[in-house]
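Residue strings, one per chain:
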Amino acid sequence: MTNRRFTPTLLQLILALAVVLRLAHALSLNPLDVYSTGGDSAWYLLNGYALVTGQDNTHVTIPDAPHPGVPVRLAYLPTPPLYLLFAGFWQAVLPPAAAIIMIRLFQVLMSAALCFFAHRLAAILGGQRAGLIAAAALAVSPAFIVEPAAVLSETLFMFLVGAALWLYTRIFAPGEANAARSLIAAAALFGLATLTRAALLLFPAGLAIHLLLAGGLRRGFRQAALLLAIYTLVVSTWTLYNLARWGRLVIGGEGFAAFLFISATDWQGPEALDAQLAETAGGDVPDDTGERQEIFQHAAAQIIAQDVPGYISRRLADLTAALLQPHGTIYYGGESLKDLAVDWWLTDRSPVGLLRLAQGEWFWHKLVIYIFHYAGLLLGLAGLWVSRRNWRVAMPSFGFILYILLVHLVLDALPRYLFPAMVVWWAFAGVALSRLRRPGTAARW
């Protein structure tokens, strides 16, 4: 009998590197800090714990967690439940510190799997070389390395969307023999992604149109009907739960009107938002999220109607700013690299001033994030151009980018909300870079 040595492939080495880098960052953080810093992370933890343990209409505290607790009304949750259930489960079965470690560990594995999905997606778009480039870029990108340590829904959302896009795109790959199975799995994953972040709610409708265009009327109609049926079935589980328990109609989530109101105004913090809402309501703001959403809708409609050109200008400016600002720099704190660079350009422009800028807090970490961000955008645009003739395969991924931009043109736009699209930007960037020939030959575009 011969001894066979395991020789890892390049993709396996990339995935292993992704796990190591993410683990090194996640395990370097104090797990209990996430409770005391507040913000969205603490909100997810406390509401998730309440949802899993069934605590309702009460001031919820987690035993041994350094957080004063919050009042929770499960009937009025504005977000879909999947990340709340994920975060709440680990807190229900483990002490707080161990629960945070397990949340981060699973998110590290999800983030590494996302590199695999990006590889598969880019390989369908442009070949194995494109896939390896995309996987390697995500594996070493600082923004993707630090993200799994954050107790936020982005990692789970990107994991589900990345898997769904790969499986959906695989339907149109040459020689694919399990198209129906891939379509069913993709539809279910898109449904779970919507139960993580409701902003994805209408995206499968665009995919149904794509199926009609790419597969012909008869076959495309059958595939679109299957996609929408499975997707609706998954998303409706939260709707049916809310109807059965609280008699409320909730489709995905109830936060759309609030985001619409925020997008129509200048964000000045939650206190200012509540004050504006109380002024519009003419008194105390009701706890019922349905009533709150009606107030948000009415207030947003009033603001938009008063100055439609101004609203459009603000939305374009906010979306552009969110697209050009890399996600991930906020984790390093300190002064804004962009603000420091603009100040140097406007007031100094000297080599000495530039040297002082380079010696600033976390300068090089943030600079690398900027480099990866803009490389992904610019090379992704080149990859989109390269893939223009292969529209049946490329359209779903391009459609996801376009959908995210359009949704946050209407709703609030933050770098964090646009970040999931960077997975697809880098898949197209891999296509562009894979077309570069070896030294001595010309690039093929």
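Please read all numbers here as calculations on a predicted model, not as lab measurements.

Pulling in residues and values, what's your account of the overall build of the protein?
Along the backbone of the protein there are 21 helices and two strands. For the protein, the residues scored as buried account for 48% of the 445 residues in total. Across the protein, every contact between residues at least 6 apart in sequence was considered, and the portion connecting residues at least 24 apart equals 73%. Approximately 21,500 Å² of the protein is accessible, and the part contributed by carbon and sulfur atoms is 65%.

So what about the nonpolar core? Which residues, and what values?
Y168, F190, L200 and F400 are the most contacted members of the largest nonpolar core, which has 106 residues in total. Considering every element that reaches this core, the biggest residue donor is helix α5 (residues 96-126), with 14 residues. When sequence neighbours within four positions are dropped, the list of residues in contact with F190 reads A164, L165, Y168, L200, F203, P204, L207 and Y231.

Lay out the packing of α5 against helix α6 (residues 128-140) in plain terms, naming residues and giving numbers.
Relative orientation of the contacting elements α5 and α6 amounts to 150 degrees, with a least axis distance of 7 Å. If you check the angle between α5 and α6, you find them roughly antiparallel. As for how α5 packs across α6, the hand of that crossing is right-handed. Along the contact surface, α5 presents L114, C115, A118, H119, A122, A123 and G126, while α6 presents Q128, A130, G131, L132, A134, A135, L138 and A139.

Tell me about the environment of L200, and please be specific about residues and values.
Position of L200 among the secondary structure elements: in the loop between α9 (179-194) and α10 (203-215). Here the alpha-carbon distance between L200 and F190, two residues ten residues apart in the chain, equals 8.0 Å. Excluding residues within four positions of it along the chain, L200 makes contact with F157, V161, F190, A193, T194, Y231, F400 and Y403.

Report on the pattern of salt bridges, specifying residues and quantitative values.
Summed over the entire model, instances satisfying the criterion amount to four salt bridges. Here R416 ties to E154 by a salt bridge, and the two come within 3.0 Å at their closest N and O atoms. Of this pair, R416 sits in helix α20 (residues 415-418) while E154 sits in helix α8 (residues 154-170), and the two are 262 residues apart along the sequence. The pair formed by R416 and E154 is uniform in burial state, with each residue classed as buried. Through salt bridges with shared partners, a single ionic network connects D40, E154, R197 and R416.

Help me get a handle on the packing of helix α15 (residues 308-324) against helix α19 (residues 391-410), residues and values and all.
Where α15 meets α19, the closest approach of the two axes is 8 Å, and the angle between their N-to-C directions is 135 degrees. With respect to α19, the element α15 is oriented oblique. For α15 against α19, the interelement crossing comes out right-handed. Residues Y311, R315, L316, L319 and L323 of α15 touch α19, and the partners they reach there are L405, H408, L409 and V410. Its residues assigned to classes, the contact of α15 with α19 shows seven nonpolar, one polar and one charged.

Can you tell me about the confidence of the model for the protein, naming the residues and giving the values?
When pLDDT is low, close inspection of the predicted coordinates is not appropriate. With 78% of its residues at a pLDDT of at least 70, the protein reaches an overall mean of 83. Low confidence marks residues 438-445, where pLDDT is under 50. Its contacts with residues over four positions away, or in another chain, come to eleven contacts.

Tell me what's going on with the packing of aromatic side chains, and back it up with residues and numbers.
Applying the stated criterion to the full structure yields 18 aromatic pairs. For the pair W43 and Y44, a centre-to-centre distance of 5.6 Å together with 75 degrees between the ring planes defines the contact as edge-to-face. Judged by relative accessible area, which is 29%, W43 ranks as partly exposed. A centroid spacing of 6.2 Å and a plane angle of 55 degrees characterise the contact between F372 and W426, whose relative ring orientation is tilted. Linking F372 in helix α18 (residues 363-386) with W426 in helix α21 (residues 422-434), this pair joins segments that are 54 residues apart in sequence. Its relative accessible area of 19% is what places F372 among the buried residues. Here R197 stacks its cationic end above the ring of F157, 5.0 Å away from the centre of that ring. We note R388 situated over the ring of W385; from NZ or CZ to the ring centre the distance is 3.9 Å.

Describe a nonpolar patch on the surface, listing the residues and the values that go with them.
On the surface, V52, L85, F89 and V93 cluster together into a nonpolar patch covering about 320 Å² of accessible area. With three residues, the single largest contributor to the nonpolar patch is helix α4 (residues 82-93). Tracing the sequence through the fold places F89 in helix α4.

Calculation rules
- Residues numbered from 1 in each chain as written.
- Predicted model: local features only at pLDDT ≥ 70, side-chain atom pairs only at ≥ 80, totals over all residues.
- Heavy atoms only, no water.
- Helix = DSSP H or I, 4+ residues; strand = E, 2+ residues; numbered from the N terminus.
- Buried < 20%, exposed > 50% of the residue type's maximum accessible area, 1.4 Å probe, protein only.
- Contact = heavy atoms within 4.5 Å.
- Areas by Shrake-Rupley, 256 points an atom, 1.4 Å probe, with all protein chains shown as cover.
- Core = buried A, V, L, I, M, F, W, Y, C linked by side-chain atoms within 4.5 Å.
- Axes fitted to C-alpha atoms, helices over the stretch in contact; angles between N-to-C directions.
- Parallel < 35°, antiparallel > 145°, perpendicular 65-115°, else oblique.
- Left-handed = near helix turned anticlockwise from the far one by under 90°.
- Salt bridge = Lys/Arg side-chain N within 4 Å of Asp/Glu carboxyl O.
- Nonpolar A, V, L, I, M, F, W, Y, C, P; charged D, E, K, R; others polar.
- pLDDT = per-residue confidence, 0-100.
- Phe/Tyr/Trp six-rings, centres within 6.5 Å; stacked < 30°, edge-to-face > 60°.
- Lys NZ or Arg CZ within 6 Å of the ring centre and 35° of its normal.
- Patch = residues over 30% accessible without salt bridge, like charges linked within 9 Å, V, L, I, M, F, W, Y side chains within 5 Å.

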